[in-house]
Amino acid sequence: MALTREQMAQRAARELRDGDYVNLGIGIPTLVANYVPPGIDVMFHSENGLIGVGPFPTEDEIDADLINAGKQTITARVGAAVFSSEESFAMIRGGHIDLTILGAFEVDIEGNLASWMIPGKMVKGMGGAMDLAAGATNILVVMTHAIDGKSKLLNRCTLPLTGRGCVRRVLTDLAYLDIADGAFILRERAPGVSIEEIKSKTEGRLIIPDSVPEMQL
Amino acid sequence: MAGFDKRVNSLEEALQGLTDNMTIIVGGFGLCGIPENLIAQIARMGVKGLTVVSNNCGVDDFGLGLLLHKRQIKKMIASYVGENATFERQLLSGELEVELVPQGTLAERIRAGGAGIPAFYTATGYGTPVAEGKEVRAFCGRNYILERAITGDFALIKGWKADWYGNIVYRYTARNFNPAVATAGRITVAEVEEIVEPGQLDPNEIHTPGIYVDRLIQGTFEKRIERRTTRPS
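The following refers to the structure shown.

What counts, and where the lines are drawn
Residues numbered from 1 in each chain as written. Chains lettered and ligands numbered in written order. Predicted model: local features only at pLDDT ≥ 70, side-chain atom pairs only at ≥ 80, totals over all residues. Heavy atoms only, no water. Buried < 20%, exposed > 50% of the residue type's maximum accessible area, 1.4 Å probe, protein only. Helix = DSSP H or I, 4+ residues; strand = E, 2+ residues; numbered from the N terminus. Contact = heavy atoms within 4.5 Å. Salt bridge = Lys/Arg side-chain N within 4 Å of Asp/Glu carboxyl O. Pairing = 2+ DSSP bridges. Axes fitted to C-alpha atoms, helices over the stretch in contact; angles between N-to-C directions. Buried area = accessible area lost by both parts, 1.4 Å probe. Polar contact = N/O pair within 3.5 Å; in protein donor to acceptor, adjacent residues only side chain to side chain. Nonpolar A, V, L, I, M, F, W, Y, C, P; charged D, E, K, R; others polar. Parallel < 35°, antiparallel > 145°, perpendicular 65-115°, else oblique. Left-handed = near helix turned anticlockwise from the far one by under 90°. Core = buried A, V, L, I, M, F, W, Y, C linked by side-chain atoms within 4.5 Å.

## Regarding helix 1 (residues 5–13) of chain A
Argument step 1. Residues of helix 1 of chain A that are buried include every one of A:Met8, A:Ala9, A:Arg11, A:Ala12 and A:Ala13, and no others.
Argument step 2. The elements touched by buried residues of helix 1 of chain A are helix 2 (28–31), strand 5 (99–102), strand 8 (139–143), strand 12 (169–172), strand 13 (175–180) and strand 14 (183–189) of chain A.

Here is the structure:
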């Protein structure tokens, strides 16, 4: 069975390490905050100027001056720090964020990322995605493997890029893969998903090691 | 004191000299930390042909969306404009010109403008449509693109507290672009929630020093929330 959005977030959360400063993109990546493994502490960075994002506020705690990059009301946890936009992106560009989890429309075997623009559709803008793609030293892309049977893991991205050669790891609803040496390398498969299915839904060059364990959530 | 007293008495006075075809840089992220009364005053003034530099463009009936609605904006320089249906309509009809800039590049272009740096190299956008027509240069084996600084005729910011000198403190994520924007205007106008007597702000805790601020006005704020998200109490 393909993973649900929640299960993808759960698997992605296993990448978190104690003491990590982490930036979560919009969509499924945002859900990762709900699955921080017990016994570790991480700080979430919001590019509009906060590190140490806390839980959503209760109705009484709502503060219009405290939002995340998705414009949702949030809280600040103990240990949080507030800063300006230019400093926030200095953190990103300067490689200070330990882990960045982003969504994508397409990725390819060169590690290229397309996530911001579909020609012919309204272009809303890239927000901070290009800065994260260029600046992050450690990016995990979380995305749907194929939509309507059409693979999103390609030999070459068809959409305008967000960043070039920036992705080394991809988690989809079917598999966990590395990108290296011009190929996707299948590392884990979602519970109950066959290697055949992953193969048939991966357009980009795919390397299948002898052993491909089932994912632990 | 008088020479350093930045307070003005009205929104009219705060925006005196703002005329058609000027470039204005506006602080805020979404609707958080926007100089909402200054923006509303520009809508009332009716100046046209503006180039507006701001991370977003408000929503249809609030913030910079008000200026769009009255067709006062000729060109928008922003990183994300997805919250605004008027924007889409004017863009598709060719009434509005738009330059989409990665958010960190936008912040740094404004910062550079205020700091006297005419241009800088960044890896952000290399190999993407953002790089088209821009100089590329390699440093230590990595490619970077040249981005130019932004300055404005007016810079409009929103702070939490200020003293008469224009020293400003921001609150939480309402800080966002405001400190950089404050530095990049030929005339910088700050709108704040509270103006306090000299000596009431701790010099150790000033975010924007008054040297950047030309005019200061106190406002009352709606502080509209774009996505009210809560957990059960």
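Don't stop here, the text continues.
## What to know about the pattern of salt bridges
Argument step 1. Overall, the coordinates contain 26 salt bridges over all chains when judged by the stated rule.
Argument step 2. Note that A:Lys71 is salt-bridged to B:Glu83, the shortest N-O span being 3.4 Å. Of this pair, A:Lys71 sits in the loop between strand 3 (50–53) and strand 4 (76–82) while B:Glu83 sits in the loop between strand 3 (73–78) and helix 4 (85–92), on two different chains.
Argument step 3. Assessed through its relative accessible area of 3%, A:Lys71 is described here as buried.
Argument step 4. What makes B:Glu83 partly exposed here is its relative accessible area of 22%.
Argument step 5. Linking A:Asp178 and A:Arg187 is a salt bridge whose minimum nitrogen-to-oxygen distance equals 2.7 Å.
Argument step 6. Assessed through its relative accessible area of 36%, A:Arg187 is described here as partly exposed.

## Re the sheet that holds strand 7 (residues 142–148) of chain B
All names here are of chain B.
Argument step 1. Strands sit in the order 5-7-6 across an open sheet of three strands; the sheet is antiparallel. Bordering the open sheet on either side are strand 5 (119–122) and strand 6 (136–139), each of which pairs with just one other strand. This sheet shows a mean twist of 40 degrees between the axes of neighbouring strands, independent of strand direction.
Argument step 2. Where strand 6 meets strand 7, four bridges bridge the pair, whose relative direction is antiparallel. Among the inter-strand pairings, Arg137 is bridged to a residue of strand 7, identified as Tyr144.
Argument step 3. Sheet contacts for helix 5 (residues 103–115): strand 5 and strand 7; angle to strand 5, the most-contacted strand, approximately 150 degrees.

## Description of the interface of chain B and chain A
One frequently used descriptor of interface size is the decrease in accessible area upon assembly of the parts.
Argument step 1. Opposite the 51 residues of chain B that make contact, chain A presents 45 residues.
Argument step 2. Both faces considered, chain B and chain A share a buried interface measuring about 4100 Å² in area, 61% of it formed by carbon and sulfur atoms.
Argument step 3. Inspection of the region where chain B meets chain A yields six salt bridges.
Argument step 4. Applying the counting rule to chain B against chain A returns 27 residue pairs in polar contact (both at pLDDT 80 or more).
Argument step 5. Mapped onto the side of chain B that touches chain A, the elements with two or more residues apiece are helix 4, helix 5 and helix 6 (178–183) of chain B.
Argument step 6. At six residues, helix 5 of chain B tops the list of elements feeding residues into the side of chain B that touches chain A.
Argument step 7. Its residues placed into classes, the side of chain B that touches chain A shows 21 nonpolar, 17 polar and 13 charged.

## With respect to the pairing of strand 2 (residues 43–46) of chain A
Residue and element names in this part refer to chain A.
Argument step 1. On strand 2, burial covers both faces: Met43 and His45 on one face and Phe44 and Ser46 on the other are all buried.
Argument step 2. Across three bridges, the pairing between strand 1 (residues 21–24) and strand 2 is parallel. What sits directly across from Asn23, in strand 2, is His45.
Argument step 3. Pairing of strand 2 with strand 3, which is carried by two bridges, proceeds in the antiparallel orientation. When the bridges of strand 3 are listed, Ser46 appears paired with Leu50.

## Quick word on the sheet that holds strand 11 (residues 153–154) of chain A
Residue and element names in this part refer to chain A.
Argument step 1. Across the sheet, three strands lie side by side as 7-6-11; this open sheet has mixed pairing. The strands lining the two open edges of the sheet, one partner per strand, are strand 7 (113–114) and strand 11.
Argument step 2. The pairing of strand 6 (residues 106–108) with strand 11 spans two bridges and is classified as parallel. Bridge pairing in strand 11 links Val107 to Leu153.

## Here we look at the packing of helix 3 (residues 85–93) of chain A against helix 5 of chain B
Argument step 1. Taken N-terminus to C-terminus, the directions of helix 3 of chain A and helix 5 of chain B make an angle of 125 degrees; their axes are 9 Å apart at the nearest point. When the interaxial angle is binned, helix 3 of chain A and helix 5 of chain B end up oblique. Viewed along their axes, helix 3 of chain A and helix 5 of chain B form a crossing whose handedness is left-handed. Residues A:Ser85, A:Glu86, A:Phe89 and A:Arg93 of helix 3 of chain A pack against B:Gln103, B:Gly104, B:Thr105, B:Ala107, B:Glu108 and B:Arg111 of helix 5 of chain B.
Argument step 2. Partitioned by chemical class, the residues of the contact of helix 3 of chain A with helix 5 of chain B number two nonpolar, four polar and four charged.

## A closer look at the nonpolar core
Soluble globular proteins tend to pack their nonpolar side chains together in the buried interior.
Residues and elements named next belong to chain A.
Argument step 1. Ranked by internal contacts, the top residues of the largest apolar core, which has 57 residues, are Val107, Leu113, Val141, Val170 and Phe184.
Argument step 2. Examining the composition of this core, we find that five residues originate from one element, strand 8, more than from any other.
Argument step 3. Those residues in contact with Val141, other than ones at most four positions away along the chain, are Leu102, Ala104, Val107, Leu113, Val167, Arg169, Val170 and Leu171.

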